[in-house]
2 protein chains.
Amino acid sequence: MEHIASYIQEHQQRFINELIELLKIPSVSADSAYSQDVWNCAEAVQKSLQDAGCDVTEICETPGYPVVYGEKIIDVSLPTVLIYGHYDVQPADPLNLWDTEPFDPVIRNTEIHPEGAIFARGACDDKGQMYMHVKAVELMIATNQLPCNVKFMIEGEEEVGSANLSWFIERNHDKLKNDVILISDTGMIAKDVPSITTGLRGLSYVEVEVTGPNRDLHSGLYGGAVANPINILTKMIASLHDENNHITVPGFYDKVEELSAKERAAMAEAPFSLENYKKALDINDVYGEKGYSTNERNSIRPTLDVNGIWGGYIGEGAKTVIASKAYAKISMRLVPDQDWKEITELFQKHFESIAPEAVKVKVKPHHGGQAYVTPIDSMEYQAASKAYEETFGKTPIPQRSGGSIPIVALFEKELQSKTILMGFGLDSDAIHSPNEHFGVWNYLKGIETIPYFFKHFTELSKS
Amino acid sequence: MEHIASYIQEHQQRFINELIELLKIPSVSADSAYSQDVWNCAEAVQKSLQDAGCDVTEICETPGYPVVYGEKIIDVSLPTVLIYGHYDVQPADPLNLWDTEPFDPVIRNTEIHPEGAIFARGACDDKGQMYMHVKAVELMIATNQLPCNVKFMIEGEEEVGSANLSWFIERNHDKLKNDVILISDTGMIAKDVPSITTGLRGLSYVEVEVTGPNRDLHSGLYGGAVANPINILTKMIASLHDENNHITVPGFYDKVEELSAKERAAMAEAPFSLENYKKALDINDVYGEKGYSTNERNSIRPTLDVNGIWGGYIGEGAKTVIASKAYAKISMRLVPDQDWKEITELFQKHFESIAPEAVKVKVKPHHGGQAYVTPIDSMEYQAASKAYEETFGKTPIPQRSGGSIPIVALFEKELQSKTILMGFGLDSDAIHSPNEHFGVWNYLKGIETIPYFFKHFTELSKS
């Protein structure tokens, strides 16, 4: 393909500036205080699709935040690539741990990103990676190299479980009709080690509430005689893992896909340094399920993590109180063949069953999604692999990710098409963390690589 | 003694109004945001001592909040009663559980208080009970019935462990010289069952911090492979009690005073209904150390309670994060012969020892104090007992309290005098809880009873 490198060279500063403007919008879907910003962000994305050259763009309302749709149909007889991404972002807190304002993007150099990285909430997850596609399509249209049809479906509720995406897809099968779904919402192993994500974990997210006495009590007058809901909650949560860090919820592992020794050996070949891993996190040791490596623990094995816990007096100083209630947010990462709704029910049943008589327990299912695995011998995968070969000069490594993009399984079910996950982020980008960033090099490399996927996918589709 | 009932009758509305004004000052010692209010409260207390008729009043500075001192010396050859109380209050949160503003006192009738109760933070603990003494002394002076000398020592840091009281006492032995210390900062069994507190539990309050990775992490990409500090904290806290709810800290019980079967039998005679207790707290069952009754669990046995816990995302919605840090505030109630500093060290050593390699743990000792028991055959106790007999028409029941007034042990050590705990509050007054209140009847009954203690103590001292 001609002029790709030169076009990027010529327009890269504008590409960066446009992304920075998008990152200034605090589109936090989890916190209703940002509701207007989320809507504003949808409009900004729609405009960017118009500017990129889409013939049709639309803000599609849902019971929640809208889906931004766009399309450029050049020939109905040609294949159609549907690009999915999301314009909402994770909450930015804890704010005090950010070196700069989460919604006031700045470019700073880092050890891994000597060419500079854009620091802002959403820089990588997913505004930056989503916007790579907008710019790649602009490039292909501007240089008359768009080889097939393209559609965009950019949602605003990914960080809260894509609550209304299935509602939207079920009502728009025709509009969303496609031959392959392309997503950049994952990472790659390293800048010089391109990889394609072939597996994602499922998710079940719940909130639990333990109630003891009907009011906060003086811990001296009642301490020792009344169940303290915080102590009870810690006992209940602690009991969810055994001494080998296996999850104790009955039936939890019944449907877990067991990988063959061959598959595990292949995984073990991916470059990984446990020393660097520990150094990067400043931990003396890793911790997890007995019998599995670190890379297995965070990809092919299910987990149960407390994402938040609170109860009692958490202000300055001391308060000698026994709280009436204690709470926790708990999420389970699931692997292929575990059904998230079934797991949620198993958890709920078990958690309620282990509560002592002295307290009342509520389990509130929050959201979830299924795990996903894609075969590496498919035509879609081959097109992606070739694209990386052209821009990185090497064949990408297939990689299972520990993250979840629940809607991938949904797409396959509803739209009968495969999803390709071309991620250009790095583990060190600190997504979901303070100081999230996205390397300028990665951003531009993504814009460069995407058109080659379109090219090879179109060619392979013809043959 | 003459005119006591009539004087109270005549002035009761003013007594109530003055207390309400004092309760409007949010003197929360645990939260530095209220620092100025704590100082203002000290000045209000000083003025009330002047108005009551003290010859000398003083705001005595300390490294922390000041001690308000006052005295009325009528004859150095007569005995001196030192009244201790505190003008600081517990934090009011959780604010949303208050029916009315914590610092905007209102009088409402309740089932137990048909004559009305004053609802406000500090109404009972301890402004209301402290102010009973101010009004009782006013009464005795105004009616020329003060039989001995009286001193006041009202501090502003009781709710944060009386951090600087020992500093103050060590420097003021002469000023504080007395023959008995009188405190109203405890409760009685019921309005028709007067009781005198003969035992208090000690306290050790600590804050713990568990650190995992050096930043918040994406729970998908790292979940299962890295120690989650919240999960670890729950495991560590859960392990502090065994299956019989015995505390597992090595050496914790070594010095615990074991009561004789006779003493436990005597305790069991105090009127108590487990059904009413459970009903009042809306719990299906009590919970505590195996082998002990509810009244024993909250008075003669040591405890370990989490007073607060926090970590990770506790906002609205969901955040799939592994927190970098998790925290808890933990307090242990101690019984006679347990030394709070030794217990604090045992806890710290044990808690650090059970932390897995994968996390770092910090234990920050907060404050504490020794337990206390007073004999019921002493002259001081007999004087108090006779006072109740005059105003309640029945002999008070000696009672061990689960609460802690750490400075009582300090007084005995530093000032070589016994402390008498004449409490007029009720368990249902919700001290340290939302909707704290103090019965108007209890308030006035306290003002009526205190002068009789002065009378009998002076007479018994002479004989």
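Residues numbered from 1 in each chain as written. Chains lettered and ligands numbered in written order. Predicted model: local features only at pLDDT ≥ 70, side-chain atom pairs only at ≥ 80, totals over all residues. Heavy atoms only, no water.

A. Seen up close, the overall build of chain A. Broken down by element type, chain A carries 12 helices and 18 strands. Against the compact-globule benchmark of 23 Å for 463 residues, chain A has a radius of gyration of 23 Å, which places it among compact chains. Relative to its full complement of 463 residues, chain A shows a buried share of 63%. Excluding contacts between residues fewer than 6 apart, the proportion of contacts in chain A whose partners are at least 24 apart in sequence is 78%. Of the roughly 16,600 Å² of accessible surface on chain A, 49% is carried by carbon and sulfur atoms. The positive charge centre, built from 41 side chains, and the negative charge centre, built from 66, are 3 Å apart in chain A. (Helix = DSSP H or I, 4+ residues; strand = E, 2+ residues; numbered from the N terminus. Rg over C-alpha atoms; globule rule 2.2 N^0.38 Å. Buried < 20%, exposed > 50% of the residue type's maximum accessible area, 1.4 Å probe, protein only. Contact = heavy atoms within 4.5 Å. Areas by Shrake-Rupley, 256 points an atom, 1.4 Å probe, with all protein chains shown as cover. Lys, Arg positive; Asp, Glu negative; His and termini not counted. Charge placed at Lys NZ, Arg CZ, Asp CG, Glu CD.)

B. Seen up close, the packing of helix α2 (residues 35–52) of chain A against helix α3 (residues 127–142) of chain A. All names here are of chain A. It is the contact of α2 with α3, at a shortest axis distance of 8 Å, that shows an interaxial angle of 20 degrees. Of the possible angle classes, the one that applies to α2 and α3 is roughly parallel. Packed against α2, whose contacting residues are Cys41, Val45, Ser48, Leu49 and Ala52, the element α3 presents Lys127, Met130, Tyr131, Val134, Val137, Glu138 and Ile141 at the interface. Residues that form the contact of α2 with α3 fall into these classes: nine nonpolar, one polar and two charged. (Axes fitted to C-alpha atoms, helices over the stretch in contact; angles between N-to-C directions. Parallel < 35°, antiparallel > 145°, perpendicular 65-115°, else oblique. Nonpolar A, V, L, I, M, F, W, Y, C, P; charged D, E, K, R; others polar.)

C. Molecular detail of the interface of chain A and chain B. Facing 90 residues of chain A, the contacting portion of chain B comprises 91 residues. Note on chain A versus chain B: buried area summed over both sides is about 8,000 Å², and carbon and sulfur give 52% of it. Linking chain A with chain B are two salt bridges. Here Asp282(B) ties to Lys360(A) by a salt bridge, and the two come within 3.9 Å at their closest N and O atoms. The tally of links between chain A and chain B comes to 50 residue pairs in polar contact (both at pLDDT 80 or more). (Buried area = accessible area lost by both parts, 1.4 Å probe. Salt bridge = Lys/Arg side-chain N within 4 Å of Asp/Glu carboxyl O. Polar contact = N/O pair within 3.5 Å; in protein donor to acceptor, adjacent residues only side chain to side chain.)

D. Molecular detail of the domain arrangement of chain A. Residues and elements named next belong to chain A. Taken domain by domain, chain A comprises domain 1 (4–200 + 371–462) and domain 2 (202–256 + 302–369). Between the C-alpha centres of domain 1 and domain 2 there is a distance of 35 Å. Between domain 1 and domain 2, the contact holds 10 residues from the first and nine residues from the second. Summed over both sides, the interface of domain 1 with domain 2 buries roughly 650 Å², with 60% coming from carbon and sulfur. Ranking the residues of domain 1 by area buried against domain 2 places Ala371, Ser404 and Pro406 at the top, with a combined share of 59%. Along the contact surface separating domain 1 from domain 2 lie zero salt bridges. Here domain 1 and domain 2 share two residue pairs in polar contact (both at pLDDT 80 or more) between them. Residue composition of the side of domain 1 that touches domain 2, by class: five nonpolar, four polar and one charged. (Domains from an automatic or database assignment.)

E. Quick peek at the UniProt feature "domain: Peptidase M20 dimerisation" (unreviewed entry) in chain A. Per the UniProt record, "domain: Peptidase M20 dimerisation" (unreviewed entry) is annotated on residues 199–357 of chain A. The distance from the first to the last C-alpha atom of residues 199–357 of chain A is 42 Å, and the span holds 28% helix and 23% strand. (UniProt positions renumbered as here; feature names shortened; annotations may be inferred.)

F. Representation of the pairing of strand β2 (residues 67–72) of chain B in the model. Residues and elements named next belong to chain B. Counted residue by residue, β2 has six buried out of six residues, so it is predominantly covered. Residues of β2 alternate between two faces, with Val67, Tyr69 and Glu71 on one and Val68, Gly70 and Lys72 on the opposite face, all of them buried. Bridge count for strand β1 (residues 56–60) against β2 is five bridges, and the pairing is antiparallel. From the neighbouring strand, Thr57 faces β2, where its bridge partner is Gly70. (Pairing = 2+ DSSP bridges.)

G. Examining the sheet that holds strand β18 (residues 437–439) of chain A more closely. Residues and elements named next belong to chain A. Spatially, three strands are ordered β4-β5-β18 in an open sheet, and the strand pairing comes out antiparallel. Strand pairing shows two members of the sheet lacking a second neighbour, β4 (106–108) and β18, which therefore form its edges. Strand-to-strand twist of the sheet, defined as the mean angle between neighbouring strand axes without regard to direction, takes the value 30 degrees.

H. Inspection of helix α5 (residues 229–238) of chain A at higher detail. Residues and elements named next belong to chain A. Among the 10 residues that make up α5, nine are buried, leaving the element largely enclosed by the rest of the structure. Within the sequence span of α5, burial applies to Pro229, Ile230, Asn231, Ile232, Leu233, Thr234, Met236, Ile237 and Ala238. For α5, the capping residue at the N-terminal end is Asn228, with a side-chain oxygen 2.8 Å from the backbone nitrogen of Ile230.

I. Just the packing of aromatic side chains, in detail. Applying the stated criterion to the full structure yields 26 aromatic pairs over all chains. Aromatic pair Phe453(B) and Phe457(B): ring centres 5.6 Å apart, planes at 15 degrees, arrangement stacked. With a gap of four residues between them, Phe453(B) and Phe457(B) both fall in helix α12 (residues 440–462), about one helical turn apart. Like Phe457(B), Phe453(B) is buried. Through successive ring pairs, a cluster of aromatic residues spans Tyr388(A), Phe392(A), Phe424(A) and Trp441(A). (Phe/Tyr/Trp six-rings, centres within 6.5 Å; stacked < 30°, edge-to-face > 60°.)

J. Region of interest: the relation of the copies chain A and chain B. With an axial shift of 0.0 Å and an RMSD of 0.1 Å, the rotation relating chain A to chain B amounts to 180 degrees. Here the two chains are linked by the operation of a two-fold rotation axis. Taken as a fraction of all interface residues of chain A, those also at the interface in chain B reach 100%, which identifies the copy contact as same-surface. (Least-squares fit on C-alpha atoms with pLDDT ≥ 70 in both.)

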